[in-house]
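Residue-level listing of the chains:
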Amino acid sequence: MTLNVGVIGVGMIGQDHIRRLTHVLSGARVAAVTDVDLDRARTVADDLPDAGLHASGAELIADPGVDAVVVTSWGPTHEEYVLAAVAADKQVFCEKPLATTEEACSRIVDAEVAAGRRLVMVGFMRRYDAQYNAVKSTIVGGGIGLPLMMHASHRNPSVPDFFTSDMIINDSTVHDIDTARWLFDDEIAAVTVLKPRVSSKARPGFNDPLLVLLEMSSGVLVDVEASVNSGFAYDIRGEIVCEDGTVELSESAGAIVKKAGHFSGRVPADWRERFSRAFDTEFQAWIGAATAGTSTGPSAWDGYAATVVCDAGLAALRSGAREPVTLRDKPDLYKSDPSRETRW
Ligand SMILES: NC(=O)c1ccc[n+]([C@@H]2O[C@H](COP(=O)([O-])OP(=O)(O)OC[C@H]3O[C@@H](n4cnc5c(N)ncnc54)[C@H](O)[C@@H]3O)[C@@H](O)[C@H]2O)c1
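Cut-offs used in this document
Residues numbered from 1 in each chain as written. Predicted model: local features only at pLDDT ≥ 70, side-chain atom pairs only at ≥ 80, totals over all residues. Heavy atoms only, no water. Helix = DSSP H or I, 4+ residues; strand = E, 2+ residues; numbered from the N terminus. Contact = heavy atoms within 4.5 Å. Near = heavy atom within 4 Å. Polar contact = N/O pair within 3.5 Å; in protein donor to acceptor, adjacent residues only side chain to side chain. Areas by Shrake-Rupley, 256 points an atom, 1.4 Å probe, with all protein chains shown as cover. Nonpolar A, V, L, I, M, F, W, Y, C, P; charged D, E, K, R; others polar. Patch = residues over 30% accessible without salt bridge, like charges linked within 9 Å, V, L, I, M, F, W, Y side chains within 5 Å. Salt bridge = Lys/Arg side-chain N within 4 Å of Asp/Glu carboxyl O. Buried < 20%, exposed > 50% of the residue type's maximum accessible area, 1.4 Å probe, protein only. Pairing = 2+ DSSP bridges. Axes fitted to C-alpha atoms, helices over the stretch in contact; angles between N-to-C directions. Core = buried A, V, L, I, M, F, W, Y, C linked by side-chain atoms within 4.5 Å. Domains from an automatic or database assignment.

Caption draft 1: Just the side chain of Asp178, in detail. Within the secondary structure, Asp178 sits in helix α7 (residues 165-184). When near neighbours in sequence (up to four residues on either side) are disregarded, Asp178 contacts Phe124, Arg127 and Asp302.

Caption draft 2: Region of interest: the site of the ligand. Neighbouring the ligand are 24 residues; Ile13, Asp35, Arg40, Trp74 and Tyr81 lie closest to it. Here Arg40 contributes a side-chain N or O atom positioned 2.5 Å from an oxygen atom of the ligand. A distance of 3.4 Å separates a nitrogen atom of the ligand from a polar backbone atom of Gly123. Protein burial of the ligand: of its 850 Å² of free accessible surface, 85% is covered by the chains. Class assignment of the residues belonging to the shell around the ligand gives a composition of 11 nonpolar, 9 polar and 4 charged.

Caption draft 3: Fine view of a nonpolar patch on the surface. Nonpolar side chains collect at one region of the surface, where Leu148, Met149 and Leu221 lie side by side and expose about 220 Å² of accessible area between them. With respect to the helices and strands, the residue Met149 is situated in strand β7 (residues 147-155). Take Met149: its relative accessible area is 35%, and that puts it in the partly exposed class.

Caption draft 4: Structural detail: the sheet that holds β7. Reading across from one edge, β12-β11-β7-β10-β9-β8-β15 is the order of the 7 strands in this open sheet, with mixed pairing throughout. Each having just a single partner strand, β12 (246-248) and β15 (323-324) make up the two edges of the open sheet. As paired elements, strand β11 (residues 235-242) and β12 share 3 bridges and run antiparallel to each other. By the bridge assignment for β12, Glu239 is matched with Glu248. Docked against the sheet, helix α9 (residues 300-319) engages β8 (188-194), β9 (210-216) and β15, running at close to 35° with respect to β8.

Caption draft 5: Fine view of the nonpolar core. Ranked by size, the top nonpolar core spans 103 residues in total, and within it Val33, Val120, Leu214 and Trp286 carry the most contacts. The biggest single contributor to this core is α9, with 12 residues. Residue-level mapping places this core at the junction of two domains, with at least three residues from each of domain 1 (3-125 + 278-298) and domain 2 (126-274 + 303-331). Filtering out sequence-adjacent residues up to four positions away, Trp286 remains in contact with Leu3, Val5, Ala68, Val69, Val70, Gln91, Val92, Phe93, Met121 and Thr296.

Set out below in structure tokens:
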């Protein structure tokens, strides 16, 4: 059976996911597209075999030829489309963020709970990255004892002019926030943001880098160095310190070259290169689950929790203080999530 997918928002990542669905993965096809920029949507549709063009997201979701929906429009528009897909009883993959406010995320959680089954997957693709999974298996079963701390780095070579210090939290560190929740199968209890010496490459008024300290409920501390003008490459690092050993993301998925008394390897140029396989694996998992009429991976609860932690991070950036994170009660629907297997 082929899953007929409708894509809302055909900008950068929307087009990349369409390429993935059309040319890389099996079991799905792009049946329809839409975008607030209809000319862009038309150009994309023209390049696809038999893809319909819709004037609005609502129309696309209502199309009986669309089995499942991908939302890759701008963050503030996600809530409307995810709620409409849930109301139409269609599986939906929503790029992060699930929604941009705690209240909007909560409305999605309520709608899914009312539907009585999972319909929403959020695009936190690091959970599908081979290196992160190797780290997770080691802390779960690798005999290195209970985790105590994690040191992480999220370094972008550069960012566009519209990027702000807030976006270092909302757009970059949000991935580390989700990764910490997933790796330790735990919620984040508080956030502190420190502002080191400002990089001379940052625009005036821009705090870059930031040091974000996440306190897990268990007491594990996660420090994230987030910098977006690092210049040299897209460098994602992570080391977990446990009671009897450490485990860290491997330095390079490619080859290490030894030559003339030195060794060297490739550092990815950007997030597309670093996480390309993770995006593929993530989408294949979604296609499989959606075809079976269910969902998998990062849930609406995960999207909700990430947004609440980001809000605490923004408050901490402004106050300079430790900001506690308060989550609503977790609905039963999310308590037996098979993608969250770690227990300690
Ligand atoms: N998982 C990741 O690492 C990752 C990476 C990049 C982007 N994203 C997320 O994907 C989303 C899209 O990002 P992007 O970089 O592709 O942005 P983009 O600006 O390139 O594309 C967004 C598209 O959505 C369209 N759009 C805006 N409002 C709309 C609406 N109301 N209805 C329909 N279409 C609408 C725009 O016209 C544009 O074509 C964002 O939420 C972003 O955070 C996630």
